[in-house]
Structures are given as C-alpha cells and as structure tokens.
Amino acid sequence: MSVKDNIEKINSLKNAAAQRAGRDGKDVLLCAVTKTHPASEINEAIDAGITDIGENKVQEILDKYDDVKPVRWHMIGHLQTNKVKYIIDKVSLIHSVDSYKLAVEIDRRAAQHGIVMDILIQVNSALEESKFGITAEETDSLIAEILENCPHVKIRGLMCIAPFSENAGDVAGYFRIVKEIYDKYAGAPRTGLDFKYLSMGMSNDFETAIAEGSNLIRIGTAIFGARNYNKNV
Ligand SMILES: *Cc1c(COP(=O)(O)O)cnc(C)c1O
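I will try to describe carefully the structure that is included in this document. (Residues numbered from 1 in each chain as written. Predicted model: local features only at pLDDT ≥ 70, side-chain atom pairs only at ≥ 80, totals over all residues. Heavy atoms only, no water.)

**Section: the pattern of salt bridges**
Phase 1: All told, the structure shown has 16 salt bridges when counted by the stated rule.
Phase 2: Residues Arg109 and Glu105 are paired through a salt bridge, measuring 2.8 Å at the closest nitrogen-oxygen approach. With Arg109 and Glu105 both in helix H5 (residues 100-113) and four residues apart, the pair spans about one turn of that helix. Like Glu105, Arg109 is buried.
Phase 3: In the salt-bridge network here, residues are joined through shared partners; they are Glu55, Glu60 and Lys64. (Salt bridge = Lys/Arg side-chain N within 4 Å of Asp/Glu carboxyl O. Helix = DSSP H or I, 4+ residues; strand = E, 2+ residues; numbered from the N terminus. Buried < 20%, exposed > 50% of the residue type's maximum accessible area, 1.4 Å probe, protein only.)

**Focus on the site of the ligand**
Phase 1: Val33, Lys35, Ile76, Ile161, Met202, Ser203, Arg218, Ile219, Gly220, Thr221 and Arg227 make up every residue found near the ligand.
Phase 2: Arg218 is positioned such that a nitrogen or oxygen atom in its side chain is 2.8 Å from a nitrogen atom of the ligand.
Phase 3: One of the backbone N or O atoms of Gly220 is found 2.8 Å from an oxygen atom in the ligand.
Phase 4: Relative to its unbound accessible surface of 380 Å², the ligand loses 90% to contact with the protein. (Near = heavy atom within 4 Å. Polar contact = N/O pair within 3.5 Å; in protein donor to acceptor, adjacent residues only side chain to side chain. Areas by Shrake-Rupley, 256 points an atom, 1.4 Å probe, with all protein chains shown as cover.)

**Some thoughts on the side chain of His95**
Phase 1: Structurally, the position occupied by His95 is in strand E4 (residues 93-97).
Phase 2: Within the structure, the side chain of His95 is placed 2.8 Å from the side chain of His74, a separation counted as a polar contact.
Phase 3: Other than its neighbours up to four places away in sequence, His95 contacts His74, Met75, Ile76, Leu120, Ile121, Gln122, Met159, Ser199, Leu216 and Arg218. (Contact = heavy atoms within 4.5 Å.)

**Notes on the nonpolar core**
Phase 1: Core analysis: the largest hydrophobic core is formed by 62 residues, its most contacted members being Ile106, Ile119, Ile121 and Ile146.
Phase 2: Those residues in contact with Ile106, other than ones at most four positions away along the chain, are Val84, Ile88, Ile94, Val97, Met117, Ile119 and Val153. (Core = buried A, V, L, I, M, F, W, Y, C linked by side-chain atoms within 4.5 Å.)

**Here we look at the packing of H5 against helix H6 (residues 136-149)**
Phase 1: The interhelical angle for the contact between H5 and H6, taken along N-to-C directions, is 25 degrees, at an axis separation of 10 Å. Taken as axis vectors, H5 and H6 run roughly parallel relative to one another. Of the two possible hands of crossing, H5 and H6 adopt the one that is right-handed. Residues Tyr100, Ala103 and Asp107 of H5 form the contact with H6, whose participating residues are Leu142, Glu145, Ile146 and Asn149.
Phase 2: Residue composition of the contact of H5 with H6, grouped by class: four nonpolar, one polar and two charged. (Axes fitted to C-alpha atoms, helices over the stretch in contact; angles between N-to-C directions. Parallel < 35°, antiparallel > 145°, perpendicular 65-115°, else oblique. Left-handed = near helix turned anticlockwise from the far one by under 90°. Nonpolar A, V, L, I, M, F, W, Y, C, P; charged D, E, K, R; others polar.)

Just geometry here; none of it tells us what the structure is for.
Following this line, the structure appears as structure tokens:
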C-alpha cells in the first residue's frame, strides 16, 4: 500500500472511531509522525492531504526543514533545554513539556522571537520509568507555575504516550486519567491557557485513544511502514 492509501485507511478508521464516540472525525487531528523518513516521503504524505507532521528529534527537524513542503511541524519527543533555540521558530506545537525549566526556556526563546509558543504538558499516566512526562498528580502545579511565569507560552492541552500493549483496550485507563485532567481545564480559557488538544494515540492504540477522548493522534508506522533506525535520513 502507498503512503496515500495508508493515510486514507487511517482517516476512515479515525472517522469511524470518532463516530462511535459520538464525535465528528473532522475534530480529530491526524499528525503524521515522520521520524526516520526522508523529506521525499513526507512530501508524498503532504500531497495526500497531511497538514501536520511530528518529529521527535531536533536534529531531524533541522535536517529536513528546508526540503519539506509547507506544513505544521510538531515536536513530539523529549526536548532538551539547550536545543529549544533551534526549533522555536519552526514548530507550531511542542507536545512534550515535562518540566518547569523547559517551559521557562521555551518562554525565553519565544520572547526573543516575539511569539507565543503553543505547548502541551506530557503526562506519564502509566508511571512508566522508561518514559518522559510528569505524573497526573504533578500536572496542576506545573500548569500553575507556567501560567504565573511564562507569558510567551500558551498551554493548549495534554499529551500522553501509553505503554505498548498487544491488546490496545488494556491502555484505556491510562488515557482516561489524562482526559479527566484535560476536562478540568478545557472550556475555561484564560491568559496563557486555552485547551484545544488532547494528544493521545499512536498506530497501535489510536482507536482506543479516540474512544477515550483524544482529538490529536500521532501516527507513524501505520502511514509510512516500519522504521529503519540505521538508515540515514
Ligand atoms: C514515534 C512516535 C509516535 C508514532 O508511533 P507509531 O507507533 O509509529 O505510530 C507517536 N508519538 C511519539 C511521541 C513518537 O515518538
């Protein structure tokens, strides 16, 4: 199957999952995760209608940026504070804010560029040691700290990576924890906070995530095929 065929298939599964949850598929944003894939393949996806792409490494964004057609770039991977400066003017949304220190640096760099940066807070609701993100319990205090001190940052929602499971239904509870926090803030915008995105769901579990309220899914493998990490991009 071509990238275009895969995108069509994901879109129809996404729409069906949204409908089952009583929502409109149009309200669930498909972010194509393009890590390890070259600009030529990314452009194929853009030609097939993809408007948003996600990368998890700063270096890959920089390497491909000039060769990719106009699109919204999402930073979805762990972001080191000292690398914020390289992507601050290139990405539309940073999904992976998991510390006050990182938010402060994003705020500082955004101020230098005269912009307000949209971010999500990454919540590690399964408490997996191998994953980044803060705990559900830490979320309110991190949000409060950012609201108080980071005027060039706007918190647009939450992001969660569920543990891998053969049975995607097993992870529903981890998504539900994050949705509960999301609901507390959604619909009550104020300066520095305007929740719009609940970023949950990957190739393996996006239908479960949509059932649990996700409105932004991050899909790599199901669009581009298995990743080859040894390949030079
Ligand atoms: C790689 C990645 C994805 C996509 O994973 P697939 O299983 O290939 O769909 C989604 N989110 C994050 C944060 C990733 O790093």
